[in-house]
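A look at the structure
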Amino acid sequence: MYNVVEGADYKKIYHTGPEIQVLDNSCHPDAKIKTHRAGDLYDMIACSEETVKPAGTWNNVVIRIEDGATTVHLNGQLVVS
């Protein structure tokens, strides 16, 4: 999650900040939902390409926010903007 705002006015942090999903697409049941897979902007935007590595290996995620625009790279590939 990023750009989260915490405080008494907010019941849950996910009400204020978007989430980039990181999970095992092969085995996790949530990965059956198109916007719940690794690299997806959870419940909002599906990743453009599935680049997640298998469970037990490291993935590299870069979230860049610049001039109000957000880009997400998963394992070197642009997956959400």
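All values derive from a computational prediction rather than experimental measurement. (Residues numbered from 1 in each chain as written. Predicted model: local features only at pLDDT ≥ 70, side-chain atom pairs only at ≥ 80, totals over all residues. Heavy atoms only, no water.)

**Here we look at the sheet that holds strand 3 (residues 77-80)**
Spatially, 1-2-3 is the arrangement adopted by the three strands of the open sheet, whose pairing is antiparallel. If you trace the sheet from one side to the other, it starts and ends with strand 1 (61-66) and strand 3, each paired once. Pairwise comparison of adjacent strand axes, ignoring direction, gives a mean angle of 35° for this sheet. (Pairing = 2+ DSSP bridges. Helix = DSSP H or I, 4+ residues; strand = E, 2+ residues; numbered from the N terminus. Axes fitted to C-alpha atoms, helices over the stretch in contact; angles between N-to-C directions.)

**Describing the pattern of salt bridges**
Taken as a whole, this structure holds two salt bridges when the rule is applied. Arg 37 serves as the salt-bridge partner of Asp 40, at 3.5 Å between the closest nitrogen and oxygen. A salt bridge links Glu 50 to Arg 37; the shortest N-O distance between them is 3.4 Å. Of the two residues, Glu 50 sits in the segment before strand 1 while Arg 37 sits in the segment before strand 1, which places them 13 residues apart along the sequence. Accessibility expressed as a relative area gives 48% for Glu 50, which makes it partly exposed. One connected set of salt bridges, linked through shared partners, spans Arg 37, Asp 40 and Glu 50. (Salt bridge = Lys/Arg side-chain N within 4 Å of Asp/Glu carboxyl O. Buried < 20%, exposed > 50% of the residue type's maximum accessible area, 1.4 Å probe, protein only.)

**Some remarks on the side chain of Asp 40**
Mapped onto the fold, Asp 40 is located in the segment before strand 1. Assessed through its relative accessible area of 0%, Asp 40 is described here as buried. Leave out the neighbours within four places in its chain, and Asp 40 touches Glu 19, Ile 20, Gln 21, Ile 33, Lys 34, Thr 35, Ile 45, Ala 46 and Cys 47. (Contact = heavy atoms within 4.5 Å.)

**Thoughts on empty space enclosed by the protein**
Vacant regions in the atomic arrangement are exposed by a probe of water-molecule size rolled over the atoms. Considering all chains together, one arrives at one cavity of 30 Å³ or more under this definition. Reported here for the largest cavity is a volume of approximately 30 Å³. Here the lining of the largest cavity is built from residues that sort into five nonpolar, three polar and no charged. (1 Å grid on protein atoms, 1.4 Å probe; cavity = no way out; pocket = protein on both sides within 12 Å on 5 of 7 lines; lining within 4 Å. Points joined across faces, edges and corners; volume = space filled by probe spheres on them. Nonpolar A, V, L, I, M, F, W, Y, C, P; charged D, E, K, R; others polar.)

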